[in-house]
Each structure stands twice: as structure tokens, then as C-alpha cells.
Amino acid sequence: MPVMPQLMPEAGPRRVIAASNFANTVGSGLYLTAGVLYFTQDVRLPATQVGLGLGVAGFASLATGIAAGHLADRRGARGVYVATIVVQALATASFSLVGSFWPFVLAVCAATGAQAAGRAARSPLIRHFGGDRPQEYRAYLRAVTNIGISLGALLAGWALQVGTHTAYQLLVIGNAIAFGASAVILLRLPPVAPEPMAAGPRWVALRDRPYLLLTALDGIMAIQFKVLTVAIPLWLVVATSAPRWLISGTMLVNTVIVIALQVRASRAINSPAAGGGAYRRAGVVFLVSCSLISLSAGVPARAAVTLLMAAVVVHTVGELWHSAAGFEVSFALAPDRATGQYLGVFGLGAGLADALGPSLLIALCITWGRPGWYVVGALFTVTGLAAPLAVRWAQRPVSAREMPLQVGPRFPDPKCDPVIPSEMRRGNPGRRSDPESGRRTGRVNRMSSFLGRKHPGRKLSPSPGARPVRDWWS
């Protein structure tokens with residue numbers, strides 16, 4: 001039976017999170033559609049300063065996700081998430097007071113940082129209330145996000161059409177109200193008790209090299225989101241004979257497909273290995289879509305419209321696979337007790353894509369022209385081919401030197417085989433965490449030398465017949 005066969009989930013925490021997400025994304029739709037025009041047309045800041053300020057805010061927000069995710073793991077996710085949305089509402093309201101460059105930078109940094117922090121703080125809530133498949137519930141929330149952003153964009157269109165100072169001020173106030181409503185709705189959510197702290201390094205996600213590699217690969221792939229919002233509109237205007245109204249048409253087609261099919265696409269991707277395969281398919285599909293976009297230059301208007309619409313449909317299929325793969329590997333490979341921190345790290349990839357993707361696509365696809373589209377498509381393809389290898393590396397048993405040092409029995413039977421069981425490997429749906437540390441358990445015999453040095457006189461006895469293990473530096 002499908003997990004979420006209806007538009008609205010059953011009454012309870014899932015519906016509360018979905019309603020809060022909808023209100024939040026209506027505000028995001030208002031800002032994404034009219035934010036830049038508000039600062040350039042109403043505040044009268046130069047476009048170069050607006051671009052510089054948004055870039056600074058994008059880079060400044062990268063660290064907030066990790067910190068907020070860790071805080072959510074330790075102090076309770078609901079309170080931290082509500083706090084980030086309140087900060088976002090206040091920062092957005094302060095846009096109405098901006099009159100020069102530096103106040104603009106401070107306000108947009110606060111708003112962007114709070115948004116990144118909120119995404120990370122929300123992750124433990126999705127895992128806690130998302131049922132057996134939080135990844136699928138995350139896909140459902142993405143569909144809700146597209147609905148909210150579409151409604152926000154529609155409302156912002158009125159302010160842009162009127163174009164008066166009052167209309168722009170109402171837009172800013174409406175944006176802040178939407179975020180405030182999202183925070184109020186979240187107060188109906190039951191609080192989630194924080195997990196006990198595990199011994200060992202505090203920032204474990206930053207020491208997880210396979211997960212960091214997957215973060216980097218997903219970040220490269222996430223540049224594809226800017227193809228529809230940055231590259232195609234500019235390409236359509238400067239290189240094709242297609243009518244300009246097609247820009248709205250491409251966004252509408254993409255939004256409708258994501259709303260209709262994102263949850264369904266995620267159901268078949270139910271393991272990290274399946275996620276790696278979805279990355280691979282997405283990379284190939286993006287190469288096809290980029291090739292179709294490049295062919296739309298220098299042809300009659302009707303042919304250009306056909307090629308661009310076909311490219312958007314193909315690209316959206318790749319977007320569905322890429323998003324579903326990211327949901328799967330980011331949750332499945334993150335330990336339960338550090339979900340917020342891990343998902344905060346995983347968000348670094350998307351943050352870098354937001355900061356660097358537009359300039360990269362403009363340089364390759366718009367400035368260079370048709371060859372740049374093939375280079376971008378090849379970049380996505382190579383990234384997709386590398387993802388399954390990174391997933392397999394992440395699913396290997398965690399080595400002893402990545403584990404915290406602890407004293408105490410690891411197994412109830414001292415004579416048991418110290419080899420790690422299959423269900424305790426990374427990414428296995430039936431994996432278990434050590435009851436004391438919460439970390440995925442490695443081989444016991446490799447811990448003996450560490451425990452012997454850390455706690456003299458307390459050693460682990462290997463099982464009969466176990467071969468001796470050399471120290472890692474020998």
C-alpha cells in the first residue's frame with residue numbers, strides 16, 4: 001500500500017509538518033520571484049551590489065546548517081527549527097528597513113543563514129515522524145514545496161505588475177507573515193527528545209569521508225537546479241527565436257511534473273545502492289537534456305519551442321531521480337543520533353551549487369555557447385557515474401579508527417565472533433547502532449589495542465581462533 005496515497009497525510013505530526021512547510025514555501029515563492037527586483041527597483045541598489053550581497057550570504061550560510069543540525073540533535077529539533085523560522089521572519093521583515101548596501105548584506109545574510117539552518121534542523125523531525133520511510137515523506141514535502149512556491153510566485157506577480165513602493169512593501173510584509181505562520185503551526189508538533197550524546201568526536205559528520213564525498217558529488221549534480229532558473233531563461237532570450245513567454249511555460253511544466261511524480265519516483269529508490277543507480281541515470285538524462293537545449297539555437301521559433309519543451313521534460317525526469325537519490329543516501333547513511341548534523345553537512349553541496357552554479361552556467365552555456373552545454377552535460381554524467389562507487393565505499397564497515405574510545409562490553413557473549421554482522425553495515429536497512437555510543441559498530445578485535453592504551457589493564461579478549469591484528473600504523 002502506498003505510504004501517502006492522498007494529497008494530505010493523515011492527521012497528526014506529518015500533517016503539521018506539511019502545513020508548516022506549505023506556509024514557509026509560500027513565503028519562499030514570494031522572495032524568489034520578486035526579491036531581487038525589490039532590492040533593485042524599490043530600494044534602488046545597483047544590481048552588482050545585490051549580486052555581491054547574495055553571493056556573500058550564500059557562502060556565509062554554509063556553516064549554519066551544520067551548527068543548527070548538531071544543535072537540533074542535542075537540544076531538540078522542534079525548538080531549534082521554530083527558532084530558525086522566527087529568525088528568518090524577522091530578517092525578512094527587516095528588508096523593509098534596508099536603504100543601503102551594508103544593511104542589505106546583514107539582512108540577507110541573516111535570512112539566508114536561518115533558511116539553511118532550518119533545513120538542517122528539520123531533518124531529525126522528518127526522520128522521527130516520517131515512519132519507516134522518512135525518505136519518501138521527504139519526497140512528499142518536496143511536492144508540497146513546489147505547490148507553495150508556485151502560489152507565492154503567483155502572489156508576487158501582482159506586486160511586480162503594480163510596481164509601486166506600497167506593493168513592494170506589502171510583498172515584504174507578506175513574506176514575513178508567511179514565515180511567522182509556519183513557526184506558529186509548528187508549535188502544534190509534539191516535542192522530540194534529543195538523543196543522548198555519544199562519546200567521541202563532536203563533529204562526526206565532518207570526519208566521515210565517504211559521506212563528504214557523496215556531499216560533493218550531490219553538490220555538483222545540484223547545479224542542475226540552476227539550469228531551469230538561470231541558464232534556460234538566458235539562453236532562450238539571447239540564443240533562440242522562441243517567444244519569451246516560454247520561460248514561464250518551462251517552469252510550469254517542471255513544477256507540475258515534480259508535484260505529480262516526485263513521491264512515485266522515490267518509492268522505487270529504497271536503498272543506498274538504488275540511490276547510486278538513480279544518480280547514474282540522472283547524469284545520463286541531464287546530458288540528453290543539455291544536448292537538446294543546445295540544438296534549440298539557430299532554428300525556427302516553432303522548432304526551438306519543441307526542442308526546449310522536450311528538454312525541460314527530459315531534464316525534469318533527471319531531477320526526480322536526482323532528488324530521490326539525495327533523499328535516500330543522505331538519510332540512510334546518516335546515524336540516527338546525528339541526523340541533523342549529517343543532513344547539515346549534506347546541505348553544503350546544495351549551498352555551494354547555489355553560490356557557484358549560476359556563474360558557472362553563465363560562463364559555459366551563455367558566454368561560450370553551444371559547446372558549453374555539452375560540457376555541462378558531460379559533467380553531470382561523470383558525476384552520476386561516480387556516485388555508485390561512493391555509495392559502495394560508504395556502505396563498507398566503519399573502521400576502528402573512526403570509532404569513539406569507550407570502556408565496556410560490546411557484545412553480551414565474550415566468546416562471540418568479533419566480525420561485524422551484516423545488519424550493522426552502513427546503509428543496510430536493518431543496521432543497528434551500538435547501544436552505548438550510537439555509532440555504527442566496527443570490528444572488536446581492532447579496538448583492543450586502542451582500549452589497552454586508553455585504559456590500561458582493561459582489554460578485550462578475541463574469540464578463539466581469531467587471527468592477531470596489527471596496529472594500524474604498522
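Above this text sits the structure in question.
Just so we're clear, the structure is a prediction, and the values are computed from it rather than from any experiment.

### Some remarks on unusual backbone geometry
Link 1 in the chain: Of note in this structure, Arg-44 is not a glycine but carries a positive phi near 70°.
Link 2 in the chain: Along the polypeptide, Arg-44 turns up in the loop between helix H1 (13–42) and helix H2 (47–60).
Link 3 in the chain: Judged by its relative accessible area of 62%, Arg-44 is exposed.

### Quick notes on the packing of aromatic side chains
Any two aromatic rings considered together are summarised by their centre-to-centre distance and by the angle between their planes.
Link 1 in the chain: This structure, assessed with the given rule, holds 11 aromatic pairs.
Link 2 in the chain: Ring geometry for Tyr-31 against Phe-95: centres 5.9 Å apart, planes inclined by 35°, an arrangement best described as tilted. Linking Tyr-31 in helix H1 with Phe-95 in the loop between helix H4 (77–93) and helix H5 (101–129), this pair joins segments that are 64 residues apart in sequence.
Link 3 in the chain: Taking relative accessible area as the criterion, Tyr-31 reaches 24% and is therefore assigned partly exposed.
Link 4 in the chain: Ring centres of Trp-235 and Trp-373 lie 5.7 Å apart, and the angle between their planes is 80°; on these two criteria the pair is classed as edge-to-face. In this pair, Trp-235 is assigned in helix H9 (residues 224–239) and Trp-373 in helix H14 (residues 370–394), connecting sequence segments 138 residues apart.
Link 5 in the chain: By relative accessible area, Trp-235 is classed as buried at 4%.
Link 6 in the chain: Take Trp-373: its relative accessible area is 0%, and that puts it in the buried class.
Link 7 in the chain: Counting every residue linked through ring pairs, the aromatic cluster contains Tyr-31, Tyr-38, Phe-39, Phe-95, Phe-104 and Tyr-168.
Link 8 in the chain: A cation over a ring is seen here: Arg-14 above Tyr-137, with NZ or CZ 5.5 Å from the ring centre.
Link 9 in the chain: A cation sits over an aromatic face here: Arg-281 above Trp-321, 4.9 Å from the ring centre.

Conventions we followed
- Residues numbered from 1 in each chain as written.
- Predicted model: local features only at pLDDT ≥ 70, side-chain atom pairs only at ≥ 80, totals over all residues.
- Heavy atoms only, no water.
- Helix = DSSP H or I, 4+ residues; strand = E, 2+ residues; numbered from the N terminus.
- Buried < 20%, exposed > 50% of the residue type's maximum accessible area, 1.4 Å probe, protein only.
- Phe/Tyr/Trp six-rings, centres within 6.5 Å; stacked < 30°, edge-to-face > 60°.
- Lys NZ or Arg CZ within 6 Å of the ring centre and 35° of its normal.

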